[in-house]
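# Architecture and fold: a report
Given next are the chains, with one letter for each unit.
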Amino acid sequence: MSLTRGTSLLLRSKTGTVGIVIVSVLVLIAVFAPWLAPYDPAKINPSAILKPPAWLIGGSSEHILGTDNLGRDMLSRIIYGSRVSLLVGTSAVVVAGAIGLALGLISGFYGGFIDNVLMRLVDSFLAIPHILFTLVVLGVLGPSMTTLIVVLGITNWVSYARVTRGEVLSIKEREFVKAARSIGVKDRMIMIRHLLPNVFSSFIVIATLNVASTIIAEASLSFLGLGIQPPAVSWGGMLSSGRTYLTTSWWVATFPGAAITLTVLGIIMLGDWLRDLLDPRAQGQKYAKE
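Report follows, based on the coordinates. Model, not experiment: these values are computed from the prediction.

## Describing the nonpolar core
Among the nonpolar cores identified, the biggest contains 48 residues, and Ile78, Leu105, Tyr160, Leu195 and Trp235 are the most heavily contacted of them. At the level of secondary structure, the elements contributing two or more residues to this core comprise α2 (14-31), α4 (74-110), α5 (112-127), α8 (158-171), α9 (175-182), α10 (187-223), α11 (235-242) and α12 (251-278). With 12 residues, α10 is the single largest residue contributor to this core. Beyond its immediate stretch of four places on either side in the chain, Leu105 contacts Thr164, Val168, Met191, Leu195, Leu196 and Val199. Counting residues in each nonpolar core, the second largest holds 9 residues, with Val84, Leu138, Leu148 and Ile149 among its members.

What follows is the structure, encoded as structure tokens:
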């Protein structure tokens, strides 16, 4: 994929531009959180409980977005919360992608009995409600960041496996794969050198969009008390603690909710642009209408 074409598509796509800006800013905030946050996100200040944002009556420039029910600075907590969301979202996608990509390659390449067994395994996972499975595992093993990443990864590998298998079924019949087989190239090397690069573009698109859904899943589980545990900061946990104060101190829940919405929206926009960039057919159909 040429850099010129990618730049051209980005300039023509408003959603792609907005998505890249949002995601880039979020990544920078997460990386430089210790320098950007004005306060320790876990520091309790009894003298500043439920202070409103700076632009409301009673607010001050010391706490631009106000404070929560324990006097902790909302801006600092939202900044540090971005770290947790990105870490859990990307790590869980890496786990799910590695499992799904490997099984999809094996299933599509060998076919036959191996394909039937792996596809029945896929069907079994599709029959299990993901949220119920996640709640049960976290309830038994106990909530922690590591457990959360592993569980979210295990429950989301199916889509990668199905898409990869479908791509491999068509690619393995092409001449360059048959030529590699005819000269005695090992199956493992064929999958790594010839099949994997040709399915990677679809994998990247799915992975990008899956980061957004994983961030929502992490926030939902943290909201229920089975995700990220204090003193670590999670946007879902902030929503959970702030729901009690919606009628009196709306900012405690509103700002973390807005952060989740903006992050997911930016990632979805980025995924939409990547689909156009990496799939010439989708790009051609989209701009043929313009």
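From this point, the narrative continues.
## A short note on the pattern of salt bridges
Counted by the stated rule, this structure contains 5 salt bridges. Residue Asp115 pairs with Arg165 through a salt bridge whose shortest N-O separation is 2.7 Å. On the criterion of sequence distance, the pair formed by Asp115 in helix α5 and Arg165 in helix α8 is long-range, its members being 50 residues apart. Given a relative accessible area of 9%, Asp115 falls into the buried group. Judged by relative accessible area, Arg165 falls into the partly exposed class, the value being 23%. Close ionic contact of Arg162 with Asp123 constitutes a salt bridge, the shortest N to O distance being 4.0 Å. In this pair, Arg162 is assigned in helix α8 and Asp123 in helix α5, connecting sequence segments 39 residues apart. Exposure remark for Arg162: the relative accessible area of 43% places this residue in the partly exposed category.

Procedures and definitions
Residues numbered from 1 in each chain as written. Predicted model: local features only at pLDDT ≥ 70, side-chain atom pairs only at ≥ 80, totals over all residues. Heavy atoms only, no water. Core = buried A, V, L, I, M, F, W, Y, C linked by side-chain atoms within 4.5 Å. Buried < 20%, exposed > 50% of the residue type's maximum accessible area, 1.4 Å probe, protein only. Helix = DSSP H or I, 4+ residues; strand = E, 2+ residues; numbered from the N terminus. Contact = heavy atoms within 4.5 Å. Salt bridge = Lys/Arg side-chain N within 4 Å of Asp/Glu carboxyl O.

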